[in-house]
Every structure is written in C-alpha cells, then in structure tokens.
Amino acid sequence: MIAALRMNVAHIITRLIVGGAQENTLLTVEDQHRDFGDRVTLITGPPAGPEGSLLERAHAGGFDVRVVPSLGRSIHPVRDVSALRALVSELRDFHPDIVHTHSSKAGILGRAAAARLKLPAVHTVHGAAFHYGQHPLAYRAYVAAERWAARRTAHFISVCDDMTREYVRAGVAPEDRFTTVYSGFDVEPYLDPPRPGAEVRAELGIAPDRFVIGKVARLFHLKGHEFVLAAARRIVDAVPHALFLFVGDGVLRAKYEQQIAEMGLSDHFVFTGLVRPERIPELLHATDAVVHTSQWEGLARVLPQALLAGRPVVAYDVGGAREVVVPGETGFLLPRDAVAPLADAVIALASDPELRRRMGETGRARFTDQFRHQTMTRRIREVYQAVLAQRG
C-alpha cells in the first residue's frame, strides 16, 4: 500500500535498546518506509545498556539512520547541549515535514530542536516522564520540562488513554491535543508461533506437567518482580507443580536468584536471560498464564501479546492496564503492590483450565486488530496529516 501523500519524517528517540517504546518506534519507521513510501530518518543515541540493541535491525531497514553520540539517557548538561546542537544540525540537513519524538530525553531535546527550525513536532507518550517512584524534586522537574516542551508540540500521541489523563492532570496540555494510538506489534507470531510451546518448554528443561507462570520484563527497579517472589511460596504450596518463567535480564538478576535460593524455590524458577524480541511469542506460548506486576507503566505490550497468545493475564492496575485487562473476561486486575491477591489469582487460574481458555480466547477476539502495527502506523500518519493540514 502506497499512500497518495508521501511525507518526509524525522523520528528521534534516546536509544534503540530492546524495549516496548523502541520496538514501537522502529515498527512505525519500517511501516512508513515500506508501506507508505515516506522518506524516513531515524535519529537515535547510542544503544548503551544491558537490554540489547535494535540498531542492527534499524540499519537493515533501508531508511536513513543517524546516531548522535551525545544523546544519552542520563541528564548531563554539557552533553545535552551538544546533543541539542547535533539534533538541530541533523534536522536542518534534510528539513523534514514533521518531527516525531519518543522517550523523555529525546522528547525534550527533539522538540526544542524542531522549534528552533520552526518545524511541527508530534510527541508520543510511551510512558510518563514523571511517574510513581520518582523523587518529588525529579517529579516536579519533569512536569515542568514537559510543560515547557508542550508549548513546542503540535500534537501528542498517547499509547493509552491513561497517559493522556496523567498529562492532562499534570497541566501539561489540554485533552484535545492528545490522540490515543495503541502501541502495535506484529500480531501473527502471537496467534501462530514459529515453534510450539511444548518444544520451547523442552528446550528450557521445563517438564510438560508444570504450570508455567510467565513474566516478561527487564530485571530492573519498578518492574515488580519482588512481588512475584513475595507471592511465590504461597503459590507453590497450593500448586506444587508451579514454575515461574522470568523472561529478560537486568541489574537485579543476581539479587533475585539469591532470594529464590534462600527461599528454597530454585526448582520453581527459570531465567531465560536476554532474548531477542522475536522469541517472545514462542515463550508466551510456553506459559499457562502471564503476570505483570510493574509499579509504573504506560501500557505494557506484554499484556495484549499474552492475550493474543491465548494466555490470561494477572496485572497491577497501573497505567493503561485496565484498557486491556478486563476483570473476569481477560484476566485479573489487582491493586499495585498487592501480594495475597496476586497469589490468589494465580492459584485460581492454575485450578481452572476452562477459565484460562475462555479468558485467552476473549482477549484474542477483542484485541487482535487493535494492536496490529499496521493499524498503529496508519493512525499515526492520520495525526501527521491533521497537523500539517492545520499549518496550511
């Protein structure tokens, strides 16, 4: 499909690590380049960190990729000034019709650069820059920065309605300047995985009769693995064949492995380590249920991904989770940091195969089309077209 109107678009993101916001951005760029024939330039900082990199995939996409070495995640006044100058220089070089920014640091600097060149900027709120768990001073500083950047933003795209509400409550911008576009992905491997779950279980050394509870997230602060560990003993006592599959890696892995050993539950946990994004579908199909206990999130992609794989989900009621996890229909929605209700929900799913099947099938029917990346990209381009039309 080639659109009648081709655009010249710059996407700016802080770093192309393996993560939801990054995969969202890369899919958008790939779709625009391939399906719409747009001229797309992807500007990113170096993919530093233990999470893995998507930069090689980006370079293979056939579109322009530019790396700004000074564009890093941490706040650093000298490097940030250098990054702003570099972004202005890059944008001036090819003068896009529209600038689309992603993530907190690139969102602020990218919109500042676009404003200097009088280019319209769209910003996607993948997750609020200000959020639960931040120091109050940092929270207020990020709110102030987002309000400043909002004056240089033609329109906002939110990955869920909850992100819009959070930004409106903080006084960043009025509601009519936001459009919700759910974060899409390639749904087909979740509907029909490249390898059957039984084969993946065997590869991981998981016996066929184990009840596998999956959690897909970086082993990092605010991702909530500690609540799964807190509930694990009660779950294992009620479901002796329960096994927890932690998909991902991060700085807290050694700490968690030590805690699990001290609880005497090492036989009930498997860590996959860092995996490529394309392995997530088959790993979800190797589970019986999926838990997501993050303390802060935009809309975790693993929630619709698990449902499309036919797996019920248990999630904390944070961010946009309630827009996917419908209590009694697609899973269990629990208060943040709850431990006993988390154990109860997992035990209920373990004891009721029909409930698991029904919830998974309901999720598939309800969310498949909504989360196709082609749907996402089409709706994002509609936002671009509205912004450009408004500018005349």
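First, a word on scope: everything that follows refers to the structure included in this document. (Residues numbered from 1 in each chain as written. Predicted model: local features only at pLDDT ≥ 70, side-chain atom pairs only at ≥ 80, totals over all residues. Heavy atoms only, no water.)

1. Describing the overall build of the protein chain
- When helices and strands are tallied, the protein chain shows 15 helices and 13 strands.
- Relative to the globule expectation of 21 Å for 392 residues, the C-alpha radius of gyration of the protein chain, 21 Å, shows essentially globular dimensions.
- Judged by the C-alpha coordinates and their principal axes, the protein chain covers about 65 × 45 × 35 Å.
- Counting only residues that meet the buried cut, the protein chain has 57% of its 392 residues in that class.
- Partitioning the intrachain contacts of the protein chain with sequence separation of at least 6 by distance along the chain shows that 71% fall at a separation of at least 24.
- Distance between charge centres in the protein chain, computed from 47 positive and 44 negative side chains, equals 7 Å. (Helix = DSSP H or I, 4+ residues; strand = E, 2+ residues; numbered from the N terminus. Rg over C-alpha atoms; globule rule 2.2 N^0.38 Å. Buried < 20%, exposed > 50% of the residue type's maximum accessible area, 1.4 Å probe, protein only. Contact = heavy atoms within 4.5 Å. Lys, Arg positive; Asp, Glu negative; His and termini not counted. Charge placed at Lys NZ, Arg CZ, Asp CG, Glu CD.)

2. Regarding the environment of Ala 129
- Relative to the helices and strands, Ala 129 is located in the loop between strand 5 (121–125) and helix 5 (136–150).
- Sequence-distant contacts of Ala 129, defined by excluding residues within four places in its chain, comprise Ser 104, Gln 134, Tyr 142, Glu 146 and Tyr 167.

3. Considerations on the pairing of strand 9 (residues 242–247)
- Within strand 9, six of the six residues are buried, leaving the element largely enclosed by the surrounding structure.
- Neither face of strand 9 is left uncovered, since the one carrying Ala 242, Phe 244 and Phe 246 and the one carrying Leu 243, Leu 245 and Val 247 both have all their residues buried.
- Strand direction decides the pairing type here: strand 8 (residues 211–216) and strand 9, joined by six bridges, are parallel. Residue pairing in the sheet places Ile 213 in a bridge with Phe 244 of strand 9.
- Of the crossover connections in this fold, the one passing from strand 8 over helix 9 (residues 225–238) to the parallel strand 9 is right-handed. (Pairing = 2+ DSSP bridges. Right-handed = clockwise from strand over helix to strand, strands pointing away.)

4. Side note on the pairing of strand 6 (residues 155–158)
- Side chains His 155 and Ile 157 of strand 6 all project onto a buried face; the interleaved residues Phe 156 and Ser 158 project onto the opposite face, where all are buried too.
- Pairing of strand 5 with strand 6, which is carried by four bridges, proceeds in the parallel orientation. Residue pairing across strands places His 123 opposite Phe 156, the latter belonging to strand 6.
- For the crossover that starts at strand 5, traverses helix 5 and ends in the parallel strand 6, the hand is right-handed.

5. Comments concerning the side chain of Glu 282
- The residue Glu 282 is located in helix 11 (residues 280–285) in this model.
- Among the polar contacts made by the side chain of Glu 282, one reaches the side chain of Arg 279 at a distance of 2.9 Å.
- When residues no more than four places from it in sequence are discounted, the contact partners of Glu 282 are Pro 193, Pro 194, Arg 195 and Val 200. (Polar contact = N/O pair within 3.5 Å; in protein donor to acceptor, adjacent residues only side chain to side chain.)

6. A few points about the packing of helix 1 (residues 20–35) against helix 15 (residues 373–391)
- Put simply, helix 1 and helix 15 touch, their axes get as near as 9 Å, and they point 75 degrees apart. By the angle between their axes, helix 1 is roughly perpendicular relative to helix 15. Across from Asn 24, Leu 27, Thr 28, Asp 31, Gln 32 and Arg 34 in helix 1, the residues of helix 15 making contact are His 373, Gln 374, Met 376, Thr 377, Ile 380, Arg 381 and Tyr 384.
- Tallied by class, residues from the contact of helix 1 with helix 15 come to four nonpolar, six polar and three charged. (Axes fitted to C-alpha atoms, helices over the stretch in contact; angles between N-to-C directions. Parallel < 35°, antiparallel > 145°, perpendicular 65-115°, else oblique. Nonpolar A, V, L, I, M, F, W, Y, C, P; charged D, E, K, R; others polar.)

7. A few points about the nonpolar core
- By size, the foremost hydrophobic cluster in this structure holds 60 residues, and its most contacted members are Phe 130, Tyr 167, Val 172, Leu 284, Leu 299 and Leu 303.
- If we skip the residues at most four places from it in the chain, Tyr 167 touches Val 125, Ala 128, Ala 129, Phe 130, Glu 146, Val 172, Ala 173 and Phe 178.
- Formed by 35 residues, the second largest nonpolar core is a distinct cluster that contains Ile 235, Ile 260, Ala 289 and Ala 350. (Core = buried A, V, L, I, M, F, W, Y, C linked by side-chain atoms within 4.5 Å.)

8. Regarding the sheet that holds strand 1 (residues 8–15)
- The sheet built from seven strands is open, its strands ordered 3-2-1-4-5-6-7 with parallel pairing. Two strands in the sheet have a free side with no partner beyond their single neighbour: strand 3 (64–67) and strand 7 (178–180). With direction set aside, neighbouring strand axes in the sheet form an average angle of 20 degrees.
- In terms of strand pairing, strand 1 meets strand 4 (residues 98–102) through four bridges, oriented parallel. Paired with His 11 across the two strands is His 100, which belongs to strand 4.
- Across the sheet, helix 1 is in contact with strand 1, strand 2 (39–45) and strand 4; its angle to strand 1 comes to roughly 160 degrees.
- Across the sheet, helix 3 (residues 77–94) touches strand 1, strand 2, strand 3 and strand 4, and the angle it forms with strand 2 is around 170 degrees.

9. A closer look at the sheet that holds strand 11 (residues 289–292)
- Ordered by their spatial adjacency, six strands build an open sheet running 10-9-8-11-12-13, and the pairing between neighbours is parallel. Looking at strand neighbours, the two that pair on one side only are strand 10 (269–273) and strand 13 (331–334), the edges of this open sheet. Going from strand to strand, the sheet's axes swing by 20 degrees on average, the running direction of each strand aside.
- Note that strand 11 and strand 12 (residues 313–316) share three bridges and pair parallel. Each bridged residue has a counterpart across the sheet, and for Val 291 the counterpart in strand 12 is Val 314.
- With respect to the sheet, helix 13 (residues 340–350) is in contact with strand 8, strand 11, strand 12 and strand 13, its orientation differing from that of strand 13 by roughly 175 degrees.

10. Observations regarding the packing of aromatic side chains
- Scanning the entire structure with this criterion turns up 13 aromatic pairs.
- Within the aromatic cluster, the residues linked to one another by ring pairs are Phe 130, Tyr 139, Phe 156, Tyr 167 and Phe 178.
- The side chain of Arg 336 reaches across the aromatic face of Tyr 132, ending 3.6 Å from its centre. (Phe/Tyr/Trp six-rings, centres within 6.5 Å; stacked < 30°, edge-to-face > 60°. Lys NZ or Arg CZ within 6 Å of the ring centre and 35° of its normal.)

Note that all results are geometric; they support no functional claim without further evidence.
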